[in-house]
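A look at the structure
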Amino acid sequence: MNRDLFLAILSLDAYNRGYRAKIKNLPVSGLLGNAVIVTDAIAELNESEVLSADFYALAYDVGNVAGFSAGEQVISYRG
């Protein structure tokens with residue numbers, strides 16, 4: 001898969017998980033393709049701060065995705 005296309009998919013994924021998600025009931029763990037969801041903003045920050053700032057982020061380990069380096073991580077966010 002093209003690197004830029006996969007980054008765009010990860011960007012869209014931030015809108016579909018966590019609070020106010022556009023698609024309901026997607027877990028904040030597991031895989032998106034070969035990318036591993038490492039953590040999200042609510043796990044790392046105070047939930048009330050995240051909600052009041054209208055901010056949400058996910059961190060992915062993309063080391064097993066074609067076009068990325070081993071150990072490379074991507075942060076995708078909204079807000």
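Below, the structure is looked at part by part. (Residues numbered from 1 in each chain as written. Predicted model: local features only at pLDDT ≥ 70, side-chain atom pairs only at ≥ 80, totals over all residues. Heavy atoms only, no water.)

Points about the sheet that holds strand β1 (residues 31-32)
Quick reminder of the rule: Strands are labelled as partners when DSSP assigns at least two bridges between them. A run of H or I in DSSP becomes a helix once it reaches four residues, and a run of E becomes a strand once it reaches two; helices and strands are each numbered from the N terminus.
Pairing is antiparallel across the open sheet formed by four strands, whose spatial order is β1-β2-β3-β4. Two strands in the sheet have a free side with no partner beyond their single neighbour: β1 and β4 (73-78). One ladder, built from two bridges, connects β1 with strand β2 (residues 35-40); its direction is antiparallel. Residue pairing in the sheet places L32 in a bridge with A35 of β2.

Considering the packing of aromatic side chains
Worth spelling out the cut-off: For Phe, Tyr and Trp, where Trp contributes only its six-membered ring, two rings pair if their centres lie within 6.5 Å, and the inter-plane angle classes them as stacked under 30 degrees, edge-to-face over 60, or tilted in between. Relative accessibility thresholds used throughout: buried, under 20% of the residue-type maximum; exposed, over 50%; partly exposed, between the two (1.4 Å probe, protein chains only).
A full pass over the atoms with the stated rule returns three aromatic pairs. Judged by centre distance (6.2 Å) and plane angle (70°), the ring pair of F6 and F68 falls under edge-to-face. Here the residue F6 occupies a position in helix α1 (residues 3-13), and F68 occupies one in the loop between β3 (56-61) and β4, the gap between them amounting to 62 residues. Of the two residues examined, F6 and F68, each falls in the buried class.

With respect to the pairing of β3
Of all six residues in β3, five are buried; the element is thus mostly enclosed. Relative to β4, β3 runs antiparallel, the two sharing six bridges. Along β4, the bridge assignment pairs A59 with I75.

Let's talk about the nonpolar core
Under the convention used in this document: Only buried Ala, Val, Leu, Ile, Met, Phe, Trp, Tyr and Cys residues count toward a nonpolar core, and they belong to the same one when joined by side-chain atoms within 4.5 Å. Only heavy atoms matter for contacts: two residues are in contact if any of them lie within 4.5 Å across the pair.
Counting 16 residues, the largest nonpolar core has F6, L10, A35, Y60, V62, V65 and F68 as the members making the most contacts within it. Only α1, β2 and β3 provide two or more residues apiece to this core. Ignoring sequence-local partners within four residues, the contact set of F6 consists of M1, L32, A35, V62, V65 and F68.

Scope: geometric values only; no functional claims are made or implied.
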